[in-house]
Amino acid sequence: MSISTTQNITALGDLKHKIASAFIATSESLSTYKRKRRVYNTTFTELAGLTTRELADLGFSRGDIRRIAREAAELA
């Protein structure tokens, strides 16, 4: 094999590695997004289902629900 052929094979291997790394990173980002979105939706739905009195007993108002759901999702 010539030096040029070896360099091409090495460059191709590097490219494959970069593509695989990008795919893995994208997949992990999507997985993280889905997990956080699921926590947000669950938290929002559960809090929205409470009465105003139940929310007040917890120290929250109806206007706090989105914020609390976002905070829960960030912790997930």
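Residues numbered from 1 in each chain as written. Predicted model: local features only at pLDDT ≥ 70, side-chain atom pairs only at ≥ 80, totals over all residues. Heavy atoms only, no water.

Now for the overall build of the chain. Looking only at helices and strands, one finds 3 helices and 0 strands in the chain. Helices and strands in the chain line up, N terminus first, as α-α-α. Partitioning the intrachain contacts of the chain with sequence separation of at least 6 by distance along the chain shows that 47% fall at a separation of at least 24. Of the roughly 6,100 Å² of accessible surface on the chain, 60% is carried by carbon and sulfur atoms. (Helix = DSSP H or I, 4+ residues; strand = E, 2+ residues; numbered from the N terminus. Contact = heavy atoms within 4.5 Å. Areas by Shrake-Rupley, 256 points an atom, 1.4 Å probe, with all protein chains shown as cover.)

This part takes up a nonpolar patch on the surface. A cluster of nonpolar side chains, namely Leu12, Leu15 and Ile19, defines an oily patch on the protein surface of about 280 Å² accessible area. Structurally, Ile19 can be placed in helix H1 (residues 3-48). Taking relative accessible area as the criterion, Ile19 reaches 52% and is therefore assigned exposed. (Patch = residues over 30% accessible without salt bridge, like charges linked within 9 Å, V, L, I, M, F, W, Y side chains within 5 Å. Salt bridge = Lys/Arg side-chain N within 4 Å of Asp/Glu carboxyl O. Buried < 20%, exposed > 50% of the residue type's maximum accessible area, 1.4 Å probe, protein only.)

All right, on to the pattern of salt bridges then. Counted by the stated rule, this structure contains 4 salt bridges. For the salt bridge of Arg53 with Asp57, the shortest nitrogen-to-oxygen distance reads 3.2 Å. A residue pair is termed a helical-turn pair when its members lie 3 or 4 positions apart in one helix, as Arg53 and Asp57 do in helix H2 (residues 52-58) at 4 residues. A salt bridge links Arg67 to Glu71; the nearest nitrogen and oxygen atoms lie 3.1 Å apart. One end of the pair is Arg67 and the other is Glu71, both in helix H3 (residues 65-75) and 4 residues apart, which spans about a single turn. Classification of Glu71 by relative accessible area gives partly exposed; the value is 42%. Overlapping salt bridges, with partners in common, bring together Asp64, Arg67 and Glu71 in one network.

Take the packing of aromatic side chains next. Evaluation of the coordinates by the stated rule reveals 1 aromatic pair. With centroids separated by 6.1 Å and ring planes inclined at 15°, the aromatic side chains of Tyr40 and Phe44 adopt a geometry described as stacked. With Tyr40 and Phe44 both in helix H1 and 4 residues apart, the pair spans about one turn of that helix. (Phe/Tyr/Trp six-rings, centres within 6.5 Å; stacked < 30°, edge-to-face > 60°.)

Another aspect to go through is H3. Within the span of H3, buried status applies to Ile65, Ile68, Ala69 and Ala73. All buried residues of H3 fall inside an arc of 135° around its axis, so they share one side. Residues Glu74 and Leu75 are exposed on H3 and point more than 90 degrees away from its buried face. (Arc of directions from axis to C-beta.)

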